[in-house]
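The residues making up each chain are set out below.
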Amino acid sequence: MICLFPGSFDPPTMGHIDLARRAAKLFDRVIVAVMINPEKRPLFTAEERIDLIGRCLWDCPNVEARAGRGLTLDMAREAGAGVLLRGLRGEGDAGFEAQLAAANRHVGGVETLAMFTSPEYGYISSTIVRDVMRHGGSLKGLVPPEIEDILAKKAFE
Ligand code: ADP
């Protein structure tokens, strides 16, 4: 079974990477779909986000990152993915994720599985990482060590 893990990953965090690693043990293949949303102005280009994910997950041969446009359910179909994967940090995420899962099932007949965050990463979001970057704070523990320096440098661009 192939699973598609869609998101913005702007940038990827410890929470995202932990989830992808855990999913890699459950599925034959995990495709991390870096979704391009024309309504959002991301800090990192899709190519940069794919590169960052690759640096964090180089040791997981059954995980791959690629860019996606449009509906995630169309991307899942094209990739041959039988299921969508999403992460839950707590009650805050649950309502929205339930709505999204129902819509994807209704429109595309695709199921969504949600995995709970590891508690130590439950407070981490890309928004928090971007804030810390902007103010020159330490990214230790928020993002994988493989990309700490790249993000710190980006903050000065
Ligand atoms: P989106 O804009 O689609 O929510 P994100 O990049 O913010 O994209 O998140 C992608 C997925 O990863 C979502 O399912 C989100 O709930 C999950 N996620 C984000 N942060 C964490 C975390 N710290 N722990 C577990 N899952 C997370």
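Look a little higher up for the structure.
Rules and cut-offs
- Residues numbered from 1 in each chain as written.
- Predicted model: local features only at pLDDT ≥ 70, side-chain atom pairs only at ≥ 80, totals over all residues.
- Heavy atoms only, no water.
- Core = buried A, V, L, I, M, F, W, Y, C linked by side-chain atoms within 4.5 Å.
- Buried < 20%, exposed > 50% of the residue type's maximum accessible area, 1.4 Å probe, protein only.
- Helix = DSSP H or I, 4+ residues; strand = E, 2+ residues; numbered from the N terminus.
- Contact = heavy atoms within 4.5 Å.
- Near = heavy atom within 4 Å.
- Polar contact = N/O pair within 3.5 Å; in protein donor to acceptor, adjacent residues only side chain to side chain.
- 1 Å grid on protein atoms, 1.4 Å probe; cavity = no way out; pocket = protein on both sides within 12 Å on 5 of 7 lines; lining within 4 Å.
- Sits in = over half its atoms within 2 Å of the grid points.
- Nonpolar A, V, L, I, M, F, W, Y, C, P; charged D, E, K, R; others polar.
- Pairing = 2+ DSSP bridges.
- Right-handed = clockwise from strand over helix to strand, strands pointing away.

### Looking at the nonpolar core
Thought 1: F5, V30, V32, L57, V129 and L151 are the most contacted members of the largest nonpolar core, which totals 33 residues.
Thought 2: Of all the secondary structure elements, the ones that give two or more residues to this core are β1 (2-7), α1 (14-26), β2 (29-36), α2 (46-56), β4 (83-88), α5 (126-134) and α6 (145-154).
Thought 3: The biggest single contributor to this core is α1, with six residues.
Thought 4: Excluding anything up to four places from it in sequence, V32 contacts F5, F9, A20, I53, V63, E64, A65 and R66.

### A look at the site of the ligand
Thought 1: Lining the immediate surroundings of the ligand are 16 residues, of which S8, F9, G87, Y121 and I124 lie closest.
Thought 2: A distance of 3.1 Å is found between an oxygen atom of the ligand and a side-chain nitrogen or oxygen belonging to R86.
Thought 3: The contact in question runs from a nitrogen atom of the ligand to an N or O atom on the side chain of T117, over 2.9 Å.
Thought 4: Of the pockets mapped on this structure, the ligand occupies the largest pocket.
Thought 5: Of all the elements in the fold, those that place two or more residues in the shell around the ligand are β1, α1, β4 and α4 (91-108).
Thought 6: Of all the elements, β1 adds the most residues to the shell around the ligand, at three residues.
Thought 7: Its residues assigned to classes, the shell around the ligand shows five nonpolar, six polar and five charged.

### Quick look at the pairing of strand β5 (residues 111-116)
Thought 1: Relative to β5, β4 is paired through six bridges, and the arrangement is parallel. Bridge pairing in β5 links L85 to L113.
Thought 2: Handedness of the β4-α4-β5 crossover: right-handed.

It is worth stressing that arrangement in space is one thing and function is another; only the former is reported here.
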